[in-house]
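# Observations on the model geometry
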Amino acid sequence: MSAAVNDVVARGRAGSVLRLRSARIALAVLAAIAVLAAFGPTLAPQGPLTLNTSSLFQGPSWHHLLGTDYLGRDVLSRLMAGTPLSVLTALEAVGIGMVLGIAPGIASTFLGRGFDFVANRVADALMTLPSIFFAVAVTAALGNGLVQAMVPIGVLLAPAYFRITRAATLEYSRAQYVEAAELMGASKFHLVTTHVVRKVFPNIVVTTASLTAGALLAVSFLTFLGIGVQPPEPTWGGVLSSDLDYLSQAPWAPFIPGALIAASVGALNALADAFRDRGGRGALALPQLAQITVRTGPTLEDANGSQRSVA
Amino acid sequence: MALNDLLLDDPSVATPAVRGIPTREDVLRIDDLHVSVHEGLATAVRGVSLRVGAGETVGLVGESGSGKTLTCRAALGLLPAGCRIDGGSVSFAGQDVTAASRRAWEAIHGSQVGAVFQDPASYLNPSLTVGAQLAEVLRVKGRLSRQQARRRALELFGDVGLHQPGRVFHQIPAELSGGMLQRAMVAIAISCGPRLLIADEATTALDVTIQAEVIDLLLDLRRRNGLAVMFVSHDLAVVAELCDRIYVFYAGQVVESGTVEEIVHRPRHPYTKALVRVASGGDFRRRHLEVIPGSPPQVGTYMAGCSFADRCRFALGPCCSGEVQSVVVGDQHEVRCARANDVELSEELLPV
Amino acid sequence: MTATAPAELRLDGGGAPPPLLEVESLEVVLGRGWRANKVLSGVNLKVNPGEIVGLVGETGSGKTTLARAVVGLVKPRRGRVLFDGAPISGLRRRALRAHRRQGGVQYVFQDPLRSLDPDLTVERIVGEGLAIRGDPPEEIRLRVVDALAQVGLDASLMSRDPGQISGGQRQRVSIARALATGPRLLICDEPVSALDASNRNHVLNLLSELRGSLNLPIIIISHDLGSLAAIADRVVVLYRGKIVEDGPIDKVFAAPRHPYTALLLASTPSVTESRSLRAHQLRLQEGEPVPLLGPGACVFAPRCPFALAETCSAQPPLTGVEPGWSNACSRHRDWPNLARGRS
């Protein structure tokens, strides 16, 4: 009986995330994209650059599963081949954001008010910058490459990581078990590393999922504008852009890269939601059923706010 | 009742408790209630029967998971999500409300039954004055005019022992202490003249001196208005101070019921005896503190036979198999114990 | 050395070992500006080895603040705390950490659900204090097993996390954590309030045993007078930041000298109704005027049916009438008779 109950009442573990159907679908989509990111160009059925002037603007067919573009190139192959550049640069931006944001976020809770103040103001300043324009400006300075273009995107993602990590760290450092450790003479470093850091992971995971979606969108936008890519190098945004140029000849065409971008961004957001709903830790797993059922009203609280459920 | 006397002479016959005929006097009557939780996964209340007569104070005592709170919530039509009544009935003054609709409950709440819960602050709007909230109830439910509602609200605040009702009327919950808030909640609960007040752990979170005041208030209301009270608590001592009759809950069932005198001085169920021993200490002597070995079963993991058998030092073979019926052992005194009539149990002395 | 009346020193009796913990004229203010609230004022307390002291009071009494001030979570505005003769209330940062790492004073929180890290195993939790001060791992493990045994828990629990053990066991783990460093003083803040009746007495019996077997002084903050009566030696009653009575628990509970103590006792619900005084005799009843004495008056006066302007306009000092028993009521000889006369 209790095993069945265990199933019904979800524990805050990664395993429970997979029980959500939306998470499973999202992961499947992302797995496919990851494979493409790794092996896209080799898996492409035809050469992404192979011109075939005899079959321009063809609709989907056996030979060209997603049709051909304005130069007769196979759309499916172009999109598959374009995946690595789009995805990996998006991940690059997220990586930069994590490196620049997480450590200061955790550190600001124990490096004193001065550091905290400065870090917050830097984050404030960065958050005021419009990302795409900033990226364009930076590429003007650093040179027109997508890798360079994602660096400013990454820098602009850092404040989000900083804020979220800082808030989570602050909240968890107020826990009573942290106070208990403080009473045993723990240094702030010990408090943070032993008690707080691992609880912040779920927040970071959720943030990463949604920021990757944002970064992917930013990549698509930049390549759509033609930043950082030299044609005929395929990218998702580039394909979308050129499709729009030839809208009258092939009105269906932009939907395909659009759908691909939307699907990957949507999958990432769905995964982020799933993690947020189910992946939370720092709470005791499976309270007694007796306590679960009577969460109708408040629990026994004293002046300190500690709680006990009274059934 | 002659039949019971005959049967009681023969200790080998387990007498099923005589189910009373519902009378118009019973303000609340619960018969053989079964409540399941988590969409039917486990049964948390297993065949509970109780009654509250007009002007009586009745206490439901038990630990976490004993089912007393769910019984109370079922009686109010306020079962949490996922819980439902699987069997039995609940009736107010003869009117069956087991399957009552939301609208039916809206009519019953306030006019037939009022309720106060553990943390009054969370049941009040923090940004409105308590006077306004009481007046609102009086206008909407009591259909009084603005003026009348205000006057009646001040009266009610006075009735529940709030000093300076005029001042309290204009205060928001944050400005009032726990005790005053609980009194305000009682005022709201009785504002439309219900015959029954259900108090679910209403004094648990209060300081002991305030708790004593609230208990005195409830006794006072009973004396003045004939208000019946059903008081749910894990604290046997509080229940003993306040109530006329007590139902002792364990593992989803009522294991003993009777007058306070009987339960406290002549408990027959081993669990009740243990509870009484554990709760004793009101005379503040240095003593060895009694413990009840083991712990109550988790909801849904009930064993065959008596649920207390694994912790009971009087348990014998028959205790562990077959359902244990409730047996009448005295005037209004029932015990759910397979050995209820055994001399050994009934004569065990208590150091109370 | 202490700020109490000289009379106390005489009555203490020479030759007694010095108190392990001394709180001198402690004043604590929480909050700033217009929100400032004097939570404790002029508090004096002594705790000797091997005694359980019950700290009793209701909401706003300051009992938790007092405990927190003893362990340095709250800084006093005035007064000081001495442990083993050395002042600890003025310690900061490194010195404070060093003092804490010695593990002489340990604290047990009320709610084990909140005071134990749910992500750590019992072993790591209990051994945390030792790990913090850098003891070698093998030694830590031994001491953890030992501490668990002292609280009656089997070593097999070491690999579980708090979510997998019962409430009573969790609180015992909390106590084991406090015992692991070999403390000389234990402070327990409502150690059993979050447990149900069966478990409560298990833990209280355990504390009583520890006092005996380890000669460990324990300060227990509690609102449950009955439990304290069973195991405590002394009781200290706080009301709104002041100590109103301090004495041997059996004597105080049998015949309290301060009306607030009496009110607490009379208000405690009882299964058997044998009370000499009832609560309503000890509190202001409806219609009775609330005593209006100026600021600086006895802190309990606004609730006291026996307050008189002549005697209660100034906060009475805590004075001893008997060795080891003091109270802060200027009418302590008169009010019991008056109370018996009330309806």
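Residues numbered from 1 in each chain as written. Chains lettered and ligands numbered in written order. Predicted model: local features only at pLDDT ≥ 70, side-chain atom pairs only at ≥ 80, totals over all residues. Heavy atoms only, no water.

### A few points about the overall build of chain A
When helices and strands are counted, chain A shows 12 helices and 2 strands. Shown N-terminal to C-terminal, the secondary structure of chain A runs as helices and strands in the order α-α-α-α-α-α-α-α-α-α-α-α-β-β. Looking at chain A residue by residue over its 311 residues, the buried ones come to 47%. With the model as given, the accessible surface of chain A reaches about 14,400 Å², and the carbon-plus-sulfur share is 66%. (Helix = DSSP H or I, 4+ residues; strand = E, 2+ residues; numbered from the N terminus. Buried < 20%, exposed > 50% of the residue type's maximum accessible area, 1.4 Å probe, protein only. Areas by Shrake-Rupley, 256 points an atom, 1.4 Å probe, with all protein chains shown as cover.)

### Notes on the overall build of chain B
Secondary structure summary: chain B contains 12 helices and 12 strands in total. Of all 352 residues assigned to chain B, the portion counted as buried reaches 54%. In chain B, of all internal contacts separated by at least 6 residues, the share reaching a separation of at least 24 is 65%. Carbon and sulfur atoms provide 52% of the accessible area of chain B, an area that totals close to 14,700 Å². (Contact = heavy atoms within 4.5 Å.)

### Description of a nonpolar patch on the surface
Together, Val 35, Phe 39 and Leu 43 of chain A make up a nonpolar patch on the protein surface, roughly 280 Å² of accessible area in all. Judged by its relative accessible area of 48%, Phe 39 of chain A falls in the partly exposed class. (Patch = residues over 30% accessible without salt bridge, like charges linked within 9 Å, V, L, I, M, F, W, Y side chains within 5 Å. Salt bridge = Lys/Arg side-chain N within 4 Å of Asp/Glu carboxyl O.)

### Overview of the pattern of salt bridges
By the definition in use, this model includes 38 salt bridges over all chains. Arg 68 of chain C is the partner of Glu 179 of chain A in a salt bridge, and the nearest nitrogen-oxygen pair spans 3.0 Å. Taken together, the residues Glu 179 of chain A in helix 8 (residues 176-183) and Arg 68 of chain C in helix 2 (residues 63-70) connect one chain to another. Glu 179 of chain A gets classed as buried once you look at its relative accessible area, which sits at 18%. We note a salt bridge from Glu 123 of chain C to Arg 141 of chain C, for which the minimum N-O separation is 3.3 Å. Here Arg 141 of chain C lies in helix 7 (residues 137-150) and Glu 123 of chain C lies in helix 5 (residues 122-126), a separation of 18 residues in the sequence.

### Looking at the sheet that holds strand 1 (residues 26-37) of chain B
All names here are of chain B. Strand order in the open sheet made by the 4 strands is 2-1-4-5, with antiparallel pairing throughout. Of all the strands in the sheet, just strand 2 (42-53) and strand 5 (95-96) have a single pairing partner and so form its edges. Sheet contacts for helix 2 (residues 68-76): strand 1, strand 2 and strand 4 (84-92); angle to strand 1, the most-contacted strand, approximately 115°. (Pairing = 2+ DSSP bridges. Axes fitted to C-alpha atoms, helices over the stretch in contact; angles between N-to-C directions.)

### Details of the interface of chain C and chain A
Taken together, the 34 residues of chain C in the interface contact 27 residues of chain A. Regarding the contact of chain C and chain A, the summed buried area is about 2,900 Å², with carbon and sulfur atoms giving 52% of it. Between Asp 117 of chain C and Lys 199 of chain A there is a salt bridge whose closest N-O contact spans 2.7 Å. Here chain C is connected to chain A by 10 residue pairs in polar contact (both at pLDDT 80 or more). The set of elements that each furnish at least two residues to the side of chain C that touches chain A consists of helix 2, helix 3 (93-102), strand 6 (105-108), helix 4 (112-115), helix 6 (128-132) and helix 8 (167-179) of chain C. Looking at the side of chain C that touches chain A residue by residue, the classes come out as 12 nonpolar, 7 polar and 15 charged. (Buried area = accessible area lost by both parts, 1.4 Å probe. Polar contact = N/O pair within 3.5 Å; in protein donor to acceptor, adjacent residues only side chain to side chain. Nonpolar A, V, L, I, M, F, W, Y, C, P; charged D, E, K, R; others polar.)

### Notes on the interface of chain C and chain B
Interfaces are often sized by the accessible area lost when the parts come together. Each partner contributes to the interface: chain C provides 33 residues, whereas chain B provides 35 residues. Counting the contacts that link chain C with chain B gives 3 salt bridges. Here chain C and chain B share 10 residue pairs in polar contact (both at pLDDT 80 or more) between them. Broken down by secondary-structure element, the contributors of at least two residues to the side of chain C that touches chain B are helix 9 (197-214), helix 10 (225-231) and helix 12 (259-267) of chain C. For the side of chain C that touches chain B, the leading source of residues is helix 9 of chain C, giving 8 residues. Considering only residue class, the side of chain C that touches chain B consists of 14 nonpolar, 10 polar and 9 charged.

### Digging into the nonpolar core
Note on soluble globular proteins: their nonpolar side chains tend to be buried together. All names here are of chain B. Residues Leu 28, Leu 50, Leu 196, Met 230 and Phe 231 are the most contacted members of the largest nonpolar core, which totals 101 residues. With 8 residues, helix 7 (residues 178-190) is the largest single contributor of residues to this core. Split by domain, the residues of this core number at least three in each of domain 1 (2-243) and domain 2 (269-346). Residues in contact with Leu 196, not counting those within four places in the same chain, are Val 27, Leu 28, Val 52, Phe 92, Gln 112, Val 113, Gly 114, Leu 227, Ala 228, Val 229 and Met 230. (Core = buried A, V, L, I, M, F, W, Y, C linked by side-chain atoms within 4.5 Å. Domains from an automatic or database assignment.)

### Topic: the domain arrangement of chain B
Per the domain assignment, the segments of chain B are domain 1 (2-243) and domain 2 (269-346). The distance between the C-alpha centroids of domain 1 of chain B and domain 2 of chain B comes to 27 Å.

### Some details on helix 12 of chain C
Where burial is concerned, most of helix 12 of chain C is hidden: 9 out of the 9 residues are buried. Restricting attention to buried positions, one finds in helix 12 of chain C the residues Pro 259, Tyr 260, Thr 261, Ala 262, Leu 263, Leu 264, Leu 265, Ala 266 and Ser 267 of chain C.

### Let's talk about the environment of Ser 222 of chain C
Residues and elements named next belong to chain C. Counting through the fold element by element, Ser 222 comes out in strand 8 (residues 218-222). It is 7.9 Å that separates the C-alpha atoms of Ser 222 and Ser 193, two residues lying 29 residues apart in sequence. Those residues in contact with Ser 222 that sit more than four places away from it in its chain are Leu 55, Val 56, Gly 57, Lys 63, Glu 190 and Leu 228. Looking at Ser 222, its side chain comes within polar contact range of the main-chain nitrogen of Asp 224, at 2.9 Å.

### Describing unusual backbone geometry
Residues other than glycine predominantly adopt negative phi, and peptide bonds predominantly adopt the trans conformation. All names here are of chain B. Of note in the backbone geometry, Asp 32 takes a positive phi value of approximately 50° without being a glycine. Assignment of secondary structure puts Asp 32 in strand 1. A relative accessible area of 38% places Asp 32 in the partly exposed class. For Glu 201, which is not glycine, the phi dihedral falls at a positive 50°. Looking at Glu 201, the relative accessible area reads 1%, which means it is buried.

### A look at the sheet that holds strand 4 (residues 78-83) of chain C
Residues and elements named next belong to chain C. Spatially, 4 strands are ordered 2-1-4-5 in an open sheet, and the strand pairing comes out antiparallel. Either end of the sheet is taken by a strand with one partner, and the two such strands are strand 2 (37-47) and strand 5 (86-87). Across 5 bridges, strand 1 (residues 21-30) lies against strand 4 in antiparallel orientation. Looking at the pairing, Leu 21 lines up with Phe 83 of strand 4. Here helix 2 sits on the sheet and contacts strand 1, strand 2 and strand 4; the angle it forms with strand 1, its principal contact strand, is near 115°.

### With respect to the pairing of strand 9 (residues 245-250) of chain B
All names here are of chain B. For strand 9, a buried count of 6 out of 6 residues is recorded, marking the element as mostly surrounded by other parts of the structure. Side chains Arg 245, Tyr 247 and Phe 249 project from strand 9 onto one buried face, and the interleaved Ile 246, Val 248 and Tyr 250 project onto a second face that is buried too. Relative to strand 10 (residues 253-259), strand 9 is paired through 6 bridges, and the arrangement is antiparallel. Looking at the pairing, Phe 249 lines up with Val 254 of strand 10. If you look at the hairpin formed by strand 9 and strand 10, you'll find 2 residues sitting between the two strands, and Ala 251 has a positive phi there, around 50°.

### Regarding the confidence of the model for chain A
All names here are of chain A. With 84% of its residues at a pLDDT of 70 or more, chain A shows a mean pLDDT of 77. In this model residues 1-13 is a low-confidence stretch, pLDDT under 50, and it forms 25 contacts with partners more than four residues away in sequence or in other chains. Note on residues 281-311: pLDDT is under 50 here. Beyond four places in sequence and across chains, it has 89 contacts. (pLDDT = per-residue confidence, 0-100.)

### What about the packing of helix 6 (residues 131-142) of chain A against helix 7 (residues 146-173) of chain A?
All names here are of chain A. Direction vectors running N to C along helix 6 and helix 7 enclose 135°, while the axes themselves pass 8 Å from each other. Judged by the inter-axis angle, helix 6 sits oblique to helix 7. Classified by chirality, the crossing of helix 7 by helix 6 is right-handed. Residue-level inspection shows Ser 131, Phe 134, Ala 135, Val 138, Thr 139 and Leu 142 of helix 6 in contact with helix 7, the latter providing Gln 148, Ala 149, Pro 152, Ile 153 and Leu 156. (Parallel < 35°, antiparallel > 145°, perpendicular 65-115°, else oblique. Left-handed = near helix turned anticlockwise from the far one by under 90°.)

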